[in-house]
Amino acid sequence: MIVIFSNENDLSTIDVAKRLKQMKQDVIIIEPDTAENMLIGIDNEKILFKNIRTGRVFNILNASATWWRRSGLGMKNFTKSLPDKFIVDEHDLSALIHGSKSIAFMEMNDLRDYIFTTLYKHCKIKIGNPHAMSLNRLEVLDTARELGLETPNFAVITNYNQLQNLYNISDPFVTKAIYNGIYNVFDKISYYTYTEAHNKADFYDKDIPLFPSLITSFIDKSYEIRSFYLEGKFYSMAIFSQSNEQTKVDFRKYSNTKPNRTEPYQLPIDIETKLNTIYKKYDLNCGSADFIVDKKGHYVFLEINPVGQFGMTSQPCNYDLEQKIANYLASNPQPIGFSGILLAKRQ
(Lines give C-alpha, C1' and ligand atoms only; values in the text may rest on other atoms or scores of the structure.)
Protein backbone atom coordinates (compact mmCIF):
# COMPACT_ATOMS: atom_id res chain seq x y z
CA MET A 1 0.00 0.00 0.00
CA ILE A 2 1.31 3.42 -1.03
CA VAL A 3 -0.15 6.48 0.73
CA ILE A 4 -0.03 9.89 -0.93
CA PHE A 5 -0.97 13.00 1.04
CA SER A 6 -2.04 15.64 -1.44
CA ASN A 7 -4.72 18.15 -2.37
CA GLU A 8 -7.71 17.67 -4.60
CA ASN A 9 -6.99 17.96 -8.34
CA ASP A 10 -3.19 18.16 -7.97
CA LEU A 11 -2.11 17.16 -11.47
CA SER A 12 1.26 15.71 -10.46
CA THR A 13 -0.42 13.50 -7.86
CA ILE A 14 -2.96 12.29 -10.41
CA ASP A 15 -0.21 11.47 -12.94
CA VAL A 16 2.00 9.58 -10.48
CA ALA A 17 -0.98 7.69 -9.01
CA LYS A 18 -2.06 6.62 -12.49
CA ARG A 19 1.40 5.23 -13.21
CA LEU A 20 1.47 3.39 -9.89
CA LYS A 21 -1.87 1.76 -10.62
CA GLN A 22 -0.56 0.70 -14.03
CA MET A 23 2.26 -0.96 -12.07
CA LYS A 24 -0.40 -2.87 -10.08
CA GLN A 25 0.27 -0.90 -6.91
CA ASP A 26 -2.35 -0.28 -4.21
CA VAL A 27 -2.56 3.53 -4.01
CA ILE A 28 -4.46 5.59 -1.44
CA ILE A 29 -4.66 9.38 -1.83
CA ILE A 30 -5.66 11.32 1.28
CA GLU A 31 -6.81 14.91 0.74
CA PRO A 32 -8.03 17.61 3.13
CA ASP A 33 -10.63 18.98 0.71
CA THR A 34 -12.87 15.91 0.71
CA ALA A 35 -14.23 13.62 3.40
CA GLU A 36 -13.47 10.46 1.43
CA ASN A 37 -10.87 9.09 3.89
CA MET A 38 -11.63 9.68 7.55
CA LEU A 39 -9.82 8.76 10.75
CA ILE A 40 -11.71 6.16 12.79
CA GLY A 41 -9.21 5.34 15.53
CA ILE A 42 -5.65 5.10 16.85
CA ASP A 43 -4.00 2.67 19.22
CA ASN A 44 -0.43 1.49 19.89
CA GLU A 45 -0.27 -0.50 16.65
CA LYS A 46 -2.74 1.10 14.28
CA ILE A 47 -3.82 4.38 12.76
CA LEU A 48 -7.07 3.43 11.08
CA PHE A 49 -8.79 5.33 8.30
CA LYS A 50 -11.97 4.45 6.46
CA ASN A 51 -12.82 5.23 2.86
CA ILE A 52 -16.39 6.51 3.14
CA ARG A 53 -17.15 5.79 -0.51
CA THR A 54 -15.92 2.17 -0.62
CA GLY A 55 -16.14 1.21 3.05
CA ARG A 56 -12.51 0.06 3.08
CA VAL A 57 -10.74 0.31 6.44
CA PHE A 58 -6.95 0.54 6.34
CA ASN A 59 -4.08 1.01 8.76
CA ILE A 60 -1.75 3.64 7.28
CA LEU A 61 1.12 2.21 9.34
CA ASN A 62 1.01 -0.70 6.89
CA ALA A 63 2.08 1.64 4.10
CA SER A 64 5.16 0.45 2.23
CA ALA A 65 5.78 3.99 0.96
CA THR A 66 4.49 7.49 1.66
CA TRP A 67 4.64 10.70 -0.35
CA TRP A 68 3.97 14.04 1.35
CA ARG A 69 3.02 15.90 -1.80
CA ARG A 70 0.70 18.47 -0.19
CA SER A 71 -0.97 19.10 3.18
CA GLY A 72 -3.02 15.91 3.01
CA LEU A 73 -5.05 16.10 6.22
CA GLY A 74 -7.66 18.65 7.26
CA MET A 75 -10.68 18.95 9.53
CA LYS A 76 -12.88 17.00 7.10
CA ASN A 77 -10.65 13.94 7.59
CA PHE A 78 -11.43 13.96 11.33
CA THR A 79 -15.09 14.92 11.62
CA LYS A 80 -18.05 15.12 9.26
CA SER A 81 -19.17 18.42 10.72
CA LEU A 82 -18.96 20.72 13.71
CA PRO A 83 -22.06 22.37 15.21
CA ASP A 84 -22.66 25.93 14.11
CA LYS A 85 -23.21 27.00 17.70
CA PHE A 86 -21.78 25.83 21.03
CA ILE A 87 -23.97 27.13 23.86
CA VAL A 88 -23.22 26.38 27.52
CA ASP A 89 -25.46 27.83 30.26
CA GLU A 90 -26.74 30.38 27.75
CA HIS A 91 -23.18 31.49 26.95
CA ASP A 92 -22.05 31.36 23.32
CA LEU A 93 -18.74 29.44 23.29
CA SER A 94 -18.72 28.86 19.53
CA ALA A 95 -15.22 30.36 19.30
CA LEU A 96 -13.97 27.17 20.97
CA ILE A 97 -14.88 25.06 17.93
CA HIS A 98 -14.53 27.43 14.98
CA GLY A 99 -11.51 29.28 13.61
CA SER A 100 -7.75 28.74 13.54
CA LYS A 101 -7.41 29.42 17.29
CA SER A 102 -10.27 27.17 18.36
CA ILE A 103 -9.81 24.14 20.60
CA ALA A 104 -11.05 21.91 17.77
CA PHE A 105 -8.49 23.28 15.34
CA MET A 106 -5.61 22.95 17.83
CA GLU A 107 -6.68 19.40 18.71
CA MET A 108 -6.73 18.57 14.99
CA ASN A 109 -3.27 20.08 14.48
CA ASP A 110 -1.73 18.01 17.27
CA LEU A 111 -3.48 14.88 16.05
CA ARG A 112 -2.29 15.47 12.49
CA ASP A 113 1.26 16.07 13.72
CA TYR A 114 1.18 12.83 15.68
CA ILE A 115 -0.09 10.86 12.66
CA PHE A 116 2.54 12.38 10.36
CA THR A 117 5.39 11.93 12.86
CA THR A 118 4.48 8.32 13.59
CA LEU A 119 4.12 7.42 9.93
CA TYR A 120 7.33 9.24 8.97
CA LYS A 121 9.30 7.23 11.55
CA HIS A 122 7.52 3.98 10.69
CA CYS A 123 7.67 4.06 6.88
CA LYS A 124 11.00 3.23 5.23
CA ILE A 125 10.27 4.55 1.74
CA LYS A 126 9.11 8.15 1.72
CA ILE A 127 9.27 11.32 -0.32
CA GLY A 128 9.08 14.67 1.41
CA ASN A 129 8.98 15.57 5.07
CA PRO A 130 5.67 16.49 6.75
CA HIS A 131 7.51 18.76 9.18
CA ALA A 132 9.35 20.65 6.44
CA MET A 133 6.55 21.39 3.98
CA SER A 134 7.60 25.03 4.11
CA LEU A 135 11.08 26.43 4.76
CA ASN A 136 11.98 29.80 6.24
CA ARG A 137 13.24 31.73 3.21
CA LEU A 138 15.63 33.93 5.20
CA GLU A 139 17.06 31.03 7.18
CA VAL A 140 17.71 29.05 4.00
CA LEU A 141 19.46 32.05 2.42
CA ASP A 142 21.72 32.27 5.48
CA THR A 143 22.43 28.53 5.28
CA ALA A 144 23.29 28.76 1.59
CA ARG A 145 25.65 31.66 2.21
CA GLU A 146 27.37 29.79 5.06
CA LEU A 147 27.99 26.89 2.66
CA GLY A 148 29.61 29.20 0.12
CA LEU A 149 26.72 29.69 -2.30
CA GLU A 150 26.31 33.19 -3.67
CA THR A 151 22.98 34.77 -2.68
CA PRO A 152 21.39 38.18 -3.26
CA ASN A 153 21.86 40.75 -0.50
CA PHE A 154 18.61 41.17 1.40
CA ALA A 155 17.05 43.41 4.02
CA VAL A 156 13.75 43.66 5.87
CA ILE A 157 12.39 47.19 6.09
CA THR A 158 9.55 48.77 8.08
CA ASN A 159 9.43 52.17 6.36
CA TYR A 160 9.96 53.35 2.78
CA ASN A 161 12.48 55.96 3.95
CA GLN A 162 14.92 53.20 4.96
CA LEU A 163 15.61 52.37 1.31
CA GLN A 164 17.87 55.36 0.65
CA ASN A 165 20.33 54.23 3.36
CA LEU A 166 20.60 50.59 2.27
CA TYR A 167 23.80 50.84 0.26
CA ASN A 168 24.26 47.06 0.03
CA ILE A 169 20.93 46.72 -1.78
CA SER A 170 21.10 47.41 -5.51
CA ASP A 171 19.07 50.01 -7.38
CA PRO A 172 16.75 48.76 -8.81
CA PHE A 173 15.81 46.33 -6.07
CA VAL A 174 13.39 43.42 -5.82
CA THR A 175 10.44 42.78 -3.48
CA LYS A 176 9.50 39.25 -2.44
CA ALA A 177 7.26 37.54 0.11
CA ILE A 178 9.01 36.40 3.29
CA TYR A 179 6.75 33.35 3.54
CA ASN A 180 4.84 32.21 0.46
CA GLY A 181 3.16 34.51 -1.98
CA ILE A 182 -0.57 34.76 -2.54
CA TYR A 183 -2.08 31.94 -4.58
CA ASN A 184 -5.80 32.32 -3.96
CA VAL A 185 -9.06 32.28 -5.85
CA PHE A 186 -11.81 34.73 -4.87
CA ASP A 187 -15.12 34.75 -6.72
CA LYS A 188 -13.59 32.59 -9.47
CA ILE A 189 -10.78 35.12 -10.01
CA SER A 190 -7.20 33.99 -9.31
CA TYR A 191 -4.83 36.28 -7.44
CA TYR A 192 -1.06 35.78 -7.40
CA THR A 193 1.95 37.69 -6.13
CA TYR A 194 5.14 37.85 -8.18
CA THR A 195 8.68 39.04 -7.68
CA GLU A 196 8.77 42.70 -8.74
CA ALA A 197 11.56 45.20 -9.47
CA HIS A 198 11.44 48.82 -8.27
CA ASN A 199 13.63 51.93 -8.36
CA LYS A 200 14.70 53.48 -5.07
CA ALA A 201 14.01 56.99 -6.39
CA ASP A 202 10.29 56.21 -6.43
CA PHE A 203 10.35 55.94 -2.63
CA TYR A 204 12.73 58.74 -1.59
CA ASP A 205 11.48 60.96 1.24
CA LYS A 206 8.37 58.86 1.76
CA ASP A 207 7.87 58.41 5.49
CA ILE A 208 5.34 55.58 5.23
CA PRO A 209 5.38 52.75 7.81
CA LEU A 210 5.22 49.22 6.43
CA PHE A 211 4.61 45.77 7.72
CA PRO A 212 8.11 44.19 7.79
CA SER A 213 8.85 43.61 4.12
CA LEU A 214 11.62 41.71 2.34
CA ILE A 215 13.72 43.37 -0.35
CA THR A 216 16.73 41.93 -2.18
CA SER A 217 19.28 43.15 -4.68
CA PHE A 218 18.28 42.84 -8.32
CA ILE A 219 20.37 40.28 -10.25
CA ASP A 220 20.88 41.04 -13.93
CA LYS A 221 20.49 37.52 -15.27
CA SER A 222 21.69 35.61 -18.28
CA TYR A 223 19.18 32.84 -17.54
CA GLU A 224 17.48 31.03 -14.68
CA ILE A 225 17.71 27.46 -13.43
CA ARG A 226 15.03 25.29 -11.83
CA SER A 227 16.59 22.15 -10.35
CA PHE A 228 14.45 19.28 -9.06
CA TYR A 229 16.03 17.05 -6.41
CA LEU A 230 15.02 13.48 -5.65
CA GLU A 231 16.94 11.18 -3.32
CA GLY A 232 20.37 12.63 -4.07
CA LYS A 233 19.88 13.18 -7.81
CA PHE A 234 19.41 16.52 -9.58
CA TYR A 235 17.28 17.19 -12.67
CA SER A 236 17.93 20.74 -13.78
CA MET A 237 16.51 22.99 -16.46
CA ALA A 238 17.75 26.29 -17.89
CA ILE A 239 15.03 28.90 -18.48
CA PHE A 240 15.89 31.65 -20.94
CA SER A 241 13.45 34.25 -19.65
CA GLN A 242 15.56 37.39 -19.89
CA SER A 243 14.64 38.31 -23.50
CA ASN A 244 10.94 38.76 -22.72
CA GLU A 245 9.93 41.84 -20.73
CA GLN A 246 6.99 39.93 -19.27
CA THR A 247 9.21 37.22 -17.75
CA LYS A 248 12.42 39.21 -17.30
CA VAL A 249 12.06 39.60 -13.54
CA ASP A 250 9.85 36.58 -12.73
CA PHE A 251 9.58 33.72 -15.23
CA ARG A 252 6.30 32.64 -13.59
CA LYS A 253 4.61 35.45 -15.53
CA TYR A 254 4.25 32.96 -18.35
CA SER A 255 3.81 34.22 -21.88
CA ASN A 256 1.67 32.07 -24.17
CA THR A 257 2.53 34.17 -27.20
CA LYS A 258 6.29 34.08 -26.60
CA PRO A 259 7.08 31.13 -24.32
CA ASN A 260 10.51 30.94 -22.73
CA ARG A 261 13.01 28.55 -24.26
CA THR A 262 14.04 25.79 -21.86
CA GLU A 263 16.55 22.96 -22.05
CA PRO A 264 18.13 20.28 -19.82
CA TYR A 265 21.03 21.56 -17.76
CA GLN A 266 23.89 20.17 -15.69
CA LEU A 267 24.72 22.15 -12.58
CA PRO A 268 28.41 22.24 -11.59
CA ILE A 269 29.30 19.46 -9.16
CA ASP A 270 30.29 21.89 -6.39
CA ILE A 271 26.88 23.60 -6.62
CA GLU A 272 25.10 20.24 -6.44
CA THR A 273 27.24 19.21 -3.45
CA LYS A 274 26.30 22.36 -1.53
CA LEU A 275 22.63 21.98 -2.45
CA ASN A 276 22.70 18.38 -1.28
CA THR A 277 24.06 19.57 2.08
CA ILE A 278 21.12 21.99 2.42
CA TYR A 279 18.61 19.24 1.69
CA LYS A 280 20.28 16.97 4.23
CA LYS A 281 20.27 19.74 6.85
CA TYR A 282 16.49 20.04 6.58
CA ASP A 283 15.96 16.26 6.31
CA LEU A 284 14.57 16.50 2.78
CA ASN A 285 14.94 14.01 -0.06
CA CYS A 286 12.85 16.04 -2.50
CA GLY A 287 12.62 19.69 -3.49
CA SER A 288 13.12 22.30 -6.18
CA ALA A 289 15.86 24.94 -6.07
CA ASP A 290 15.96 28.15 -8.07
CA PHE A 291 19.09 29.93 -9.29
CA ILE A 292 19.96 32.90 -11.44
CA VAL A 293 23.10 32.80 -13.55
CA ASP A 294 24.23 36.41 -13.83
CA LYS A 295 26.04 38.17 -16.66
CA LYS A 296 29.40 37.13 -15.19
CA GLY A 297 28.42 33.46 -15.07
CA HIS A 298 27.99 33.38 -11.28
CA TYR A 299 25.38 31.01 -9.84
CA VAL A 300 23.14 32.98 -7.46
CA PHE A 301 20.97 30.85 -5.18
CA LEU A 302 17.42 32.13 -4.61
CA GLU A 303 15.34 29.58 -2.71
CA ILE A 304 14.19 25.99 -2.21
CA ASN A 305 10.62 24.77 -2.48
CA PRO A 306 10.56 21.64 -0.27
CA VAL A 307 7.41 20.30 -1.92
CA GLY A 308 9.29 20.07 -5.19
CA GLN A 309 7.47 21.46 -8.21
CA PHE A 310 8.61 19.25 -11.08
CA GLY A 311 5.95 19.23 -13.82
CA MET A 312 7.45 22.21 -15.62
CA THR A 313 10.87 20.51 -15.58
CA SER A 314 9.84 16.94 -16.33
CA GLN A 315 8.19 17.25 -19.73
CA PRO A 316 10.28 19.93 -21.49
CA CYS A 317 13.52 18.16 -20.51
CA ASN A 318 12.22 14.63 -21.11
CA TYR A 319 13.17 13.61 -17.57
CA ASP A 320 9.90 11.69 -16.99
CA LEU A 321 10.09 12.56 -13.30
CA GLU A 322 6.58 11.26 -12.69
CA GLN A 323 7.79 7.75 -13.56
CA LYS A 324 10.94 8.12 -11.47
CA ILE A 325 8.79 9.08 -8.47
CA ALA A 326 6.44 6.16 -9.12
CA ASN A 327 9.38 3.76 -9.40
CA TYR A 328 10.86 5.00 -6.14
CA LEU A 329 7.58 4.68 -4.26
CA ALA A 330 7.02 1.20 -5.65
CA SER A 331 10.53 0.08 -4.61
CA ASN A 332 11.19 -0.69 -8.24
CA PRO A 333 13.91 1.83 -9.02
CA GLN A 334 14.94 2.22 -12.63
CA PRO A 335 18.22 3.83 -13.72
CA ILE A 336 17.80 7.52 -13.00
CA GLY A 337 20.62 8.91 -15.09
CA PHE A 338 20.09 11.03 -18.16
CA SER A 339 19.98 8.15 -20.67
CA GLY A 340 20.43 9.53 -24.14
CA ILE A 341 19.83 13.17 -23.17
CA LEU A 342 22.30 15.81 -24.21
CA LEU A 343 22.75 18.25 -21.33
CA ALA A 344 23.58 21.88 -21.90
CA LYS A 345 26.14 23.46 -19.61
CA ARG A 346 26.68 27.19 -19.77
CA GLN A 347 29.95 28.60 -18.57
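This write-up is about the structure you can find in this document.

Quick notes on the rules
Residues numbered from 1 in each chain as written. Predicted model: local features only at pLDDT ≥ 70, side-chain atom pairs only at ≥ 80, totals over all residues. Heavy atoms only, no water. Pairing = 2+ DSSP bridges. Helix = DSSP H or I, 4+ residues; strand = E, 2+ residues; numbered from the N terminus. Axes fitted to C-alpha atoms, helices over the stretch in contact; angles between N-to-C directions. Buried < 20%, exposed > 50% of the residue type's maximum accessible area, 1.4 Å probe, protein only. Contact = heavy atoms within 4.5 Å. Salt bridge = Lys/Arg side-chain N within 4 Å of Asp/Glu carboxyl O. Core = buried A, V, L, I, M, F, W, Y, C linked by side-chain atoms within 4.5 Å. Phe/Tyr/Trp six-rings, centres within 6.5 Å; stacked < 30°, edge-to-face > 60°. Lys NZ or Arg CZ within 6 Å of the ring centre and 35° of its normal. Parallel < 35°, antiparallel > 145°, perpendicular 65-115°, else oblique. Left-handed = near helix turned anticlockwise from the far one by under 90°. Nonpolar A, V, L, I, M, F, W, Y, C, P; charged D, E, K, R; others polar.

A look at the sheet that holds strand S10 (residues 154–159)
On the basis of which strands lie adjacent, the open sheet formed by four strands has the order S10-S15-S11-S14 and antiparallel pairing. A strand with exactly one partner marks an edge of an open sheet, and here the two such strands are S10 and strand S14 (196–198). Here the average twist between neighbouring strands, direction ignored, is 40 degrees.

Quick notes on the environment of Ile-225
Assignment of secondary structure puts Ile-225 in strand S16 (residues 221–230). The exposure class assigned to Ile-225 is buried, which follows from its relative accessible area of 2%. A C-alpha to C-alpha distance of 9.8 Å links Ile-225 and Val-300, two positions 75 residues apart in sequence. If near-sequence neighbours (up to four positions away) are discounted, Ile-225 is found in contact with Ser-236, Met-237, Tyr-265, Leu-267, Ala-289, Asp-290, Phe-291, Val-293 and Tyr-299.

Some details on the side chain of Glu-31
Note that Glu-31 resides in the loop between strand S2 (27–30) and strand S3 (37–42). Contacts of Glu-31, omitting those with residues within four sequence positions, involve Ser-6, Asn-7, Glu-8, Asn-9, Gly-72 and Asn-77.

Topic: the pattern of salt bridges
On inspection of all chains with the given rule, the structure shows 11 salt bridges. Here Asp-43 ties to Lys-46 by a salt bridge, and the two come within 2.7 Å at their closest N and O atoms. Residue Asp-43 is classed as partly exposed on the basis of its relative accessible area, which comes to 37%. The partner of Asp-290 in a salt bridge is Arg-226, with the nearest N and O atoms 2.4 Å apart. Pair noted here: Asp-290 is in strand S19 (residues 286–294) and Arg-226 is in strand S16, with a separation of 64 residues, a long-range link. Each member of the pair, Asp-290 as well as Arg-226, is classed as buried.

Some words on the nonpolar core
Ranked by internal contacts, the top residues of the largest apolar core, which has 26 residues, are Leu-275, Phe-291, Tyr-299 and Phe-301. With four residues, helix H4 (residues 269–281) is the single largest residue contributor to this core. With sequence-adjacent residues up to four places away left out, Leu-275 is seen in contact with Phe-234, Leu-267, Ala-289, Phe-291, Phe-301 and Ile-304. Grouped together as the second largest cluster of nonpolar side chains are 24 residues, Ile-2, Ala-65, Trp-67 and Cys-317 included.

Focus: the pairing of strand S17 (residues 233–240)
Looking down a regular strand, the side chains alternate between one sheet face and the other. Among the eight residues that make up S17, seven are buried, leaving the element largely enclosed by the rest of the structure. Turn length for the S16-S17 hairpin, with the two strands adjacent in sequence and antiparallel, is two residues, and the turn residue Glu-231 shows positive phi of about 50 degrees.

As for unusual backbone geometry
Cis geometry marks the peptide bond from Asp-171 to Pro-172, where omega comes out at 10 degrees. Backbone geometry at Asp-205 places phi at a positive 60 degrees, although glycine is not the residue there. Locating Asp-205 in the fold gives a position in the loop between S14 and strand S15 (209–217). Since its relative accessible area comes to 68%, Asp-205 is described here as exposed. Look at Asp-320: it is not a glycine, yet its phi comes out positive at around 50 degrees. Examined against the element boundaries, Asp-320 turns out to sit in the loop between helix H5 (311–314) and helix H6 (321–329). Take Asp-320: its relative accessible area is 32%, and that puts it in the partly exposed class.

Some thoughts on the sheet that holds S3
The antiparallel open sheet is built from three strands, whose spatial order is S3-S4-S5. The open sheet is flanked by S3 and strand S5 (57–59), the only strands paired with a single partner. In this sheet, neighbouring strand axes are inclined to one another by 30 degrees on average, regardless of whether the strands run parallel or antiparallel. One ladder, built from five bridges, connects S3 with strand S4 (residues 47–51); its direction is antiparallel. Residue pairing in the sheet places Asn-37 in a bridge with Asn-51 of S4. Sitting on the sheet, helix H2 (residues 103–122) is in contact with S3 and S4, with an inclination near 80 degrees to S3.

Re the packing of aromatic side chains
With the rule as written, the count across this model stands at 15 aromatic pairs. On the basis of an interplanar angle of 55 degrees and a centroid distance of 5.8 Å, the ring pair of Tyr-223 and Tyr-265 is categorised as tilted. Remark: Tyr-265 occurs in strand S18 (residues 261–265) and Tyr-223 occurs in strand S16; sequence separation between them is 42 residues. When sorted by exposure, Tyr-223 lands in the same class as Tyr-265, which is buried. An aromatic cluster is defined as three or more aromatic residues linked by ring pairs; in this entry it consists of Phe-5, Trp-68, Phe-116 and Tyr-120. Over the ring of Tyr-120 we find Lys-126; its NZ or CZ atom is 4.2 Å from the centre of that ring.

Some details on the packing of helix H1 (residues 11–22) against H6
Between H1 and H6, the shortest axis-to-axis distance is 9 Å and the interhelical angle comes to 55 degrees. When the axes of H1 and H6 are compared, the pair comes out oblique. H1 and H6 meet at a crossing whose hand is right-handed. On the side of H1, the interface is formed by Asp-15, Val-16, Arg-19 and Leu-20, while H6 contributes Glu-322, Gln-323, Ile-325, Ala-326 and Leu-329. By residue class, the composition of the contact of H1 with H6 is five nonpolar, one polar and three charged.

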